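# Geometric and topological summary
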Amino acid sequence: MTDDAYLFLVGDPATPLGASVAVVKDLGCLEMPAVRAWLDAHGVTAASPGVRLLPPEETGAIPHDAEKLPVPLTDEELNQLRHALMPGALARVEDELLAYRDCAGERDALLARAAAVGVPPHRIVELTGEDAGTVASAARGQERPADPVPQRR
């Protein structure tokens, strides 16, 4: 496996392998001189139906005789590419998992804020689905001073 995605050419545009470059919007790598030269050398443009893209974890599926070029993609571009390759339901679930990850990182702060404004712990448990111990721990964390003042002796 490589850390780069790959641009590659398929002989038959009906081939289901990879995603069309047009599916992933605003690919930064398309502005790279090496990529432009590769496309020119093969007489194609990024919009050509035979130009495809696969993420790093799937580059092993590219036929050995295919013309290919490793390209760096940003995390956002990789996510767009992976979504383009997935059935709709799977892509939606991945979006939900990403949203969960984004909000879960601030879980303790949210639980502490809820406790600080007076939401009863049992209600926080009901609303969040968190266990009572997690809620209690987060609430105790809010009660501690943020920056303890060192004692002088």
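Before any of the text, the structure's been laid out above.
Note that this is a predicted model, so its numbers are computed, not measured. (Residues numbered from 1 in each chain as written. Predicted model: local features only at pLDDT ≥ 70, side-chain atom pairs only at ≥ 80, totals over all residues. Heavy atoms only, no water.)

## Side note on the pattern of salt bridges
Put simply, the rule reads: For salt bridges, the criterion is a side-chain nitrogen of Lys or Arg within 4 Å of an Asp or Glu carboxyl oxygen. To sort residues, take the accessible area from a 1.4 Å probe on protein chains only and compare it with the maximum for the residue type: under 20% means buried, over 50% means exposed, and anything in between is partly exposed. Comment: elements are numbered from the N terminus, with helices defined as DSSP H or I runs of at least four residues and strands as E runs of at least two.
For the structure on display, the rule yields five salt bridges. Between Arg107 and Asp108 there is a salt bridge; the shortest N-O distance is 3.0 Å. For Arg107, a relative accessible area of 31% puts it in the partly exposed group. For Glu130, the salt bridge identified is with Arg107, shortest N-O distance 3.5 Å. Of this pair, Glu130 sits in the loop between helix 5 (121–128) and helix 6 (132–143) while Arg107 sits in helix 4 (residues 107–116); the two residues are 23 residues apart in sequence, bridging distant segments of the chain.

## Some remarks on the environment of Ala139
Within the fold, Ala139 resides in helix 6. Separated by 25 residues in the primary sequence, Ala139 and Ala114 have C-alpha atoms spaced 8.2 Å apart.

## Here we look at the pairing of strand 1 (residues 5–9)
Which entries qualify depends on this criterion: Two strands qualify as a pair provided DSSP detects at least 2 bridges between them.
Most of strand 1 is tucked away, with five of its five residues classed as buried. Here strand 1 shows no split at all, with Ala5, Leu7 and Leu9 on one side and Tyr6 and Phe8 on the other all buried. Across four bridges, strand 1 lies against strand 4 (residues 68–71) in antiparallel orientation. Across the sheet, the residue bridging to Tyr6 is Pro70, located in strand 4.

## Overview of the pairing of strand 3 (residues 51–54)
Alternating positions in strand 3 separate into two faces, Val51 and Leu53 on one and Arg52 and Leu54 on the other, with burial throughout. The pairing of strand 1 with strand 3 spans four bridges and is antiparallel. Its bridge partner being in strand 3, Leu9 is matched across the sheet by Val51. The pairing of strand 2 (residues 19–20) with strand 3 spans two bridges and is classified as antiparallel. In the strand pairing of strand 3, Ser20 is matched with Arg52.

## Regarding the sheet that holds strand 3
Read from one edge to the other, the open sheet built from four strands follows the order 2-3-1-4, with strand pairing classed as antiparallel. Both edges of this open sheet fall to strand 2 and strand 4, since each of them pairs with a single strand only.

## Re the environment of Ala5
Note the following rule: Whether two residues touch is decided by their heavy atoms; if any such pair falls within 4.5 Å, the residues are in contact.
Summarising the element assignment, Ala5 is placed in strand 1. A sequence separation of 76 residues divides Ala5 from Leu81, and the C-alpha atoms of the two residues are 9.6 Å apart. Ala5 has contacts with Leu53, Leu54, Pro55, Pro56, Leu69, Pro70, Val71 and Leu73, leaving out every residue within four places of it along the chain.

## Some words on the layout of surface pockets
Quick reminder of the rule: Site definitions follow a grid-based scheme: protein atoms alone, a 1 Å grid, a 1.4 Å probe that fits but cannot get out for cavities, and for pockets an open set with protein on both sides within 12 Å along at least five of seven lines, plus lining residues having an atom within 4 Å of a point. Grid points are joined across faces, edges and corners, and a volume is the space filled by probe spheres set on the points. Here the nonpolar group is Ala, Val, Leu, Ile, Met, Phe, Trp, Tyr, Cys and Pro; Asp, Glu, Lys and Arg are the charged ones; every other residue, Gly included, is treated as polar.
As a volume, the largest pocket reaches approximately 150 Å³. Taken together, Tyr100, Cys103, Ala104, Arg107, Leu110, Leu111, Thr128 and Glu130 make up the full set of residues lining the largest pocket. Elements supplying a minimum of two residues to the lining of the largest pocket: helix 3 (88–104) and helix 4. Considered class by class, the residues forming the lining of the largest pocket number five nonpolar, one polar and two charged.

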